[in-house]
Amino acid sequence: MTNDEVNSNERGRTPVARHSWLIIPSPFVIRASSFLSLALLAFPATGRSADNLGVLGSKPKWSVLENYQGTITHDEFAHRINDVYCTHGIPNDVIKIDNDAAQILTNRESHNVFTLRFAPDANSKARVPRLWRPAKSLSTAKANKPLKGLRVALDPGHLGGKWAKMEERWFQVGNTKPVTEGDLTLHVSRMLAWRLRKLGATVLFVRNSTDPVTPKRPGDFKELARKILIKNGLPQPRPDVLDPKDPEKEKTIRWQSEMLFYRYSEIRCRAVLVNTKLHPDLVVCLHFNAEGWGDPGNPILIDNNHLHLLVNGSYLQDELDLDDERFEMIRRLLSRAYDEELAIADTAAVSMAKATGLPPYQYPTTLTTTKVGSSGYVYARNLLATRLYRCPVVYCEPYVMNSKDGFARIEAGDYEGTKEINGVQRKSIFREYADSVAEGLSEYYRNARGL
C-alpha cells in the first residue's frame, strides 16, 4: 500500500498520517529529524558526542565500511550518489567527493568523518564483500530450473488478522468480507513460494502468519511515545484515542505507541531476521496499493488502478542528516545491491504489467522519488525495509484495493481458470499476482545466467 512509501516502511521517510491519501505532515507525528536518539540515548555519556538516529535506530558501525576500501572507482561512486541515492541534493558537509576518496560525515557534533578510498581504475578494484550472491555467481542450472541455488525471502507486507484495523489496512463495503492488506499479501506469498520452488529456488518467509515478528507490543512504547509528544510541543498528551475518526488522534500516546510497534519495531525486527538468519540473495516485498477510501466502514471505491515497484534510493536531505540512515545508505551503495535489484525490478515490472494490464503509477510529486530503470514502472525511494535488508530488495505495489476492479476481484477470492468480473473474464487476482512475479524472476535469472 502506498502508505508504506509516504510514511516511511515501514520507514525512512518522515511519517505522516497513516493513510496513503493523507500526505499533510502533522507536528505531532513521529519525525525522524526531531526524534534524535530518544530510542537509545536520552543523554550522551560525558565527553561523548550524541548520535543523531532515526526512529528506533541503532548506532552505526562505521568501521564495517573499511571492508569496502578500494572496491569502487570515483566515477562509479559519484554516479550512484548523484543519480540514485542523493537525487534531492546533499546537505553541506555530509559527503565530499574528491578525486581519490570520499569524506563521509559520521557525527555532526564531533565533526568526525569516514574516509572511503577509491580504486584508481576498474581493473584495480578490490572484491566487493557481501552476504548475497548476484545471479551471475550462482552455480549452473537448467533452463527449466532458472532459480536453482537462489535463496529468496518473501516479505508479505503488514500483519493482517487482528492487527489490520490498528494498521488501518482494513475496510469493508456493507456486509462483504473485509479487505485486509496483510492477509492478502500473506495469501499471495504462499502461492508465490510454491511457484518459485518449482523453478528451483529455496524460499524463505520473513512473515508466514498474522503474528508480528517483533516480540514488542504497543504497550512497550508508551513511555517513548509520551516523550515524543512532549518533545513535539504537547506537554500533557492524551493517553487514549476516544474516537477512531478523531482528526487529532495522532496526539495521543496510544496512537504513537501503535505506530512505534507496527511500523518501526516490526520492520526493524524483520531486518534482523533477514540479515542474521535467513541470508537471502533477494527479498521480494509483497504489497497491495490503495487510494483514499475515507471512512473504512463506508469506503469510497474509485476507478483508478495501477502498478509500480520500488528499489532503494532517492534519500531526502533530512534523512541524510541522520547518522544511521547515512551509514546504511553508504553500505548499501557499496554492496552494489542496486545494480541487481533494479534489473530484477524492471524485468518483474514488465511481466506484471503484461499480466495485469495496469498502467504505471505516477507519483504526484518528484520530491520523494526518482524514476529509474527502463520499464516506466520502477521508482527509487528510501523505505525502511529496502534500506535495512542487506541484499537486493524488490518492493511490489500492484492493484488499488479500493478500485472498483481491484475490490471486485479481491471479493471474488481465489479460483481456478477465469471468472467474469465487471464484464471481463479474469484470473484470480492472487494467482495473477503470484504468476507474474514468478515469471518475471524466472526471466531475469534465466537471462542473467545465460540459460
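Look up a bit, the structure's there.
Trainee: What should I look at first to understand the environment of His74 in this one?
Mentor: Here His74 lies in helix α3 (residues 74-85). Residues His74 and Ala102 lie 28 residues apart in sequence; the distance between their C-alpha atoms is 8.4 Å. In this structure His74 touches Ile97, Asp98, Asn99, Phe118 and Ala119, once residues within four positions along its chain are discounted.

Trainee: Looking at this structure, how should I read the sheet that holds strand β3 (residues 112-117)?
Mentor: What holds strands together in a sheet is hydrogen bonding between their backbones, with the strands either parallel or antiparallel. Sheet architecture is open: three strands sit in the order β1-β2-β3, paired in antiparallel fashion. Edge positions in the sheet fall to β1 (95-97) and β3, since each has one partner strand and no second. Going from strand to strand, the sheet's axes swing by 20 degrees on average, the running direction of each strand aside. Both strand β2 (residues 101-107) and β3 contribute to a ladder of six bridges, which runs antiparallel. Bridge pairing in β3 places Asn107 opposite Asn112. In the packing of α3 onto the sheet, the strands contacted are β1, β2 and β3, and the crossing angle to β1 comes to about 140 degrees. Relative to β2, helix α9 (residues 323-335) is tilted by about 150 degrees, and along the sheet it contacts β1, β2 and β3.

Trainee: What is the right way to look at the nonpolar core in this model?
Mentor: As a rule of thumb, soluble globular proteins bury nonpolar side chains together. One finds Phe77, Leu196 and Leu309 to be the most contacted residues of the largest nonpolar core, which totals 80 residues. In terms of residues, this core owes the most to one element, helix α13 (residues 429-448), which gives ten residues. The contacts of Leu309, once residues within four sequence positions are left out, are Ala345, Ala348, Ala349, Met352, Tyr377, Val378, Tyr379, Val394, Tyr395 and Cys396. Ranked by size, the runner-up nonpolar core spans 42 residues in total, among them Ala153, Leu260, Leu384 and Ala385.

Trainee: Help me understand the side chain of Ser265 in this model?
Mentor: With respect to the secondary-structure elements, Ser265 resides in helix α7 (residues 253-278). The class of Ser265 is buried, set by a relative accessible area of 6%. Setting aside anything within four residues of it in sequence, one finds Ser265 in contact with Leu56, Thr214, Lys216, Phe221 and Leu260.

Trainee: Explain helix α10 (residues 337-356) here, please?
Mentor: Residue pairs spaced three or four apart in an α-helix point in one direction, given the helix's 3.6 residues per turn. The terminal C-alpha atoms of α10, which comprises 20 residues, lie 27 Å apart, in line with the 28 Å expected from a rise of 1.5 Å per residue. Of all 20 residues in α10, 15 are buried; the element is thus mostly enclosed.

Trainee: What is the right way to look at the sheet that holds strand β11 (residues 378-380) in this model?
Mentor: The strand order across the open sheet formed by seven strands is β7-β4-β8-β12-β9-β11-β10, and the pairing between neighbours is mixed. Across the chains shown, the open sheet's two edge strands, defined by having one partner strand only, are β7 (202-205) and β10 (370-371). Docked against the sheet, helix α5 (residues 181-198) engages β4 (151-156), β7 and β8 (282-286), running at close to 165 degrees with respect to β4. Sitting on the sheet, α13 touches β8 and β12 (393-398), and the angle it makes with β8 is about 155 degrees.

The rules we used
Residues numbered from 1 in each chain as written. Predicted model: local features only at pLDDT ≥ 70, side-chain atom pairs only at ≥ 80, totals over all residues. Heavy atoms only, no water. Helix = DSSP H or I, 4+ residues; strand = E, 2+ residues; numbered from the N terminus. Contact = heavy atoms within 4.5 Å. Pairing = 2+ DSSP bridges. Axes fitted to C-alpha atoms, helices over the stretch in contact; angles between N-to-C directions. Core = buried A, V, L, I, M, F, W, Y, C linked by side-chain atoms within 4.5 Å. Buried < 20%, exposed > 50% of the residue type's maximum accessible area, 1.4 Å probe, protein only. Expected span 1.5 Å × (residues − 1).

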